[in-house]
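Read off the chains here:
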Amino acid sequence: RTPTAILSALAEEQQGLIAQLQSSRRVHHAGRDFWCGELHGQPVVLGLSRIGKVAAATTTAALIEKFGVARVVFTGVAGGVGADVQVGDVVVGSGFVQHDMDASPLFPRYEIPLTGQAVYAGDAALTARLLQASQAALRSAPVAGYRAQVHQGLIASGDRFVNGAAESAALVLALQNAGHQPLAVEMEGAAVAQVCADYGIPFAAVRTISDRADDSAHVDFPQFVSAIASVYARSIVMELLLL
Ligand code: ADE
């Protein structure tokens, strides 16, 4: 029974899951804490990447190389940039692009050099399960005050907290000009997707929208993360492991 990795960037996103973990054992490796144990009787490793693409890539490589995980599921928060993606909604990633990758004119903008691809798709079967789990979680444990609609689409990652309406609009426009329609921005997903693709490990990600990546993102983000993010992450992952 090979474990499933549940990866988060922030401790707040992981707390609810650690509280549910059975037979838990903490392992310190590569400057991070990993939690091994069982959820719903299934072996899992909870990883905490901290923020950004490099941190996420290192953590993913450790989960695969040291802990031998069979699949990686990312749960966290993101800024909503799709027109109808509101705070409290959930975005399940269908594909992942690095919005700060630009080796032009040597390679097309956004393309990961020497791979011929800009967008890494989530694993189809795992992503379908994650979508179903997200819908079930939000139905059975809605959070008051949010409509909690579930979307599926492109997630754009980069080493920037997007905190301005003008910046967000420019980022989206540039992606659209290259044929990409992002629903959400965050700082890890596409890096994890690339590492998992290199290793041939299935990957899927779900992000709860904490802010609109606009001028008030820095106010909305911490409030949402401390109040809501761990609730969503826990209920979605627990549903996923039942499917
Ligand atoms: N994660 C949550 N909100 C974000 C934002 N506005 N930019 C980047 N990552 C985020």
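The protein appears in an unreviewed UniProt entry as adenosylhomocysteine nucleosidase from Rhodoferax saidenbachensis. We quote the UniProt Pathway (unreviewed entry) comment for the protein here in full: "Amino-acid biosynthesis; L-methionine biosynthesis via salvage pathway; S-methyl-5-thio-alpha-D-ribose 1-phosphate from S-methyl-5'-thioadenosine (hydrolase route): step 1/2."

S.K.: Residues and numbers for the environment of Phe 221, please.
M.R.: Tracing the backbone shows Phe 221 in helix H6 (residues 217-242). The spatial distance from the C-alpha of Phe 221 to the C-alpha of Ala 178 is 28 Å, given a sequence separation of 43 residues. For Phe 221, the residues in contact, after removing those within four places along its chain, are Ser 210 and Asp 211.

S.K.: Go over helix H4 (residues 165-177), please, and point to the residues and values.
M.R.: The α-helix winds at 3.6 residues per turn, so residues separated by three or four positions along the chain end up facing the same way. End to end, H4 covers 18 Å across 13 residues, agreeing with the expected 18 Å (1.5 Å per residue, within 8%). All buried positions along H4 are accounted for by Ser 168, Leu 171, Val 172 and Leu 175. Looking straight down H4, one finds its buried side chains confined to an arc of 95°; they lie on one side. Opposite its buried face, H4 presents the exposed residues Ala 166, Ala 170, Leu 173 and Asn 177, each directed more than 90 degrees away. Check the buried side of H4 and you find it contacts strand E6 (90-98), strand E8 (150-157) and strand E9 (182-186). At the exit of H4 stands Gly 179, carrying a positive phi of roughly 90°.

Basis of the calculations
- Residues numbered from 1 in each chain as written.
- Predicted model: local features only at pLDDT ≥ 70, side-chain atom pairs only at ≥ 80, totals over all residues.
- UniProt positions renumbered as here; feature names shortened; annotations may be inferred.
- Helix = DSSP H or I, 4+ residues; strand = E, 2+ residues; numbered from the N terminus.
- Contact = placed C-beta atoms within 7 Å.
- Expected span 1.5 Å × (residues − 1).
- Buried ≥ 20, exposed ≤ 12 C-beta atoms within 10 Å, placed from the backbone.
- Arc of directions from axis to C-beta.

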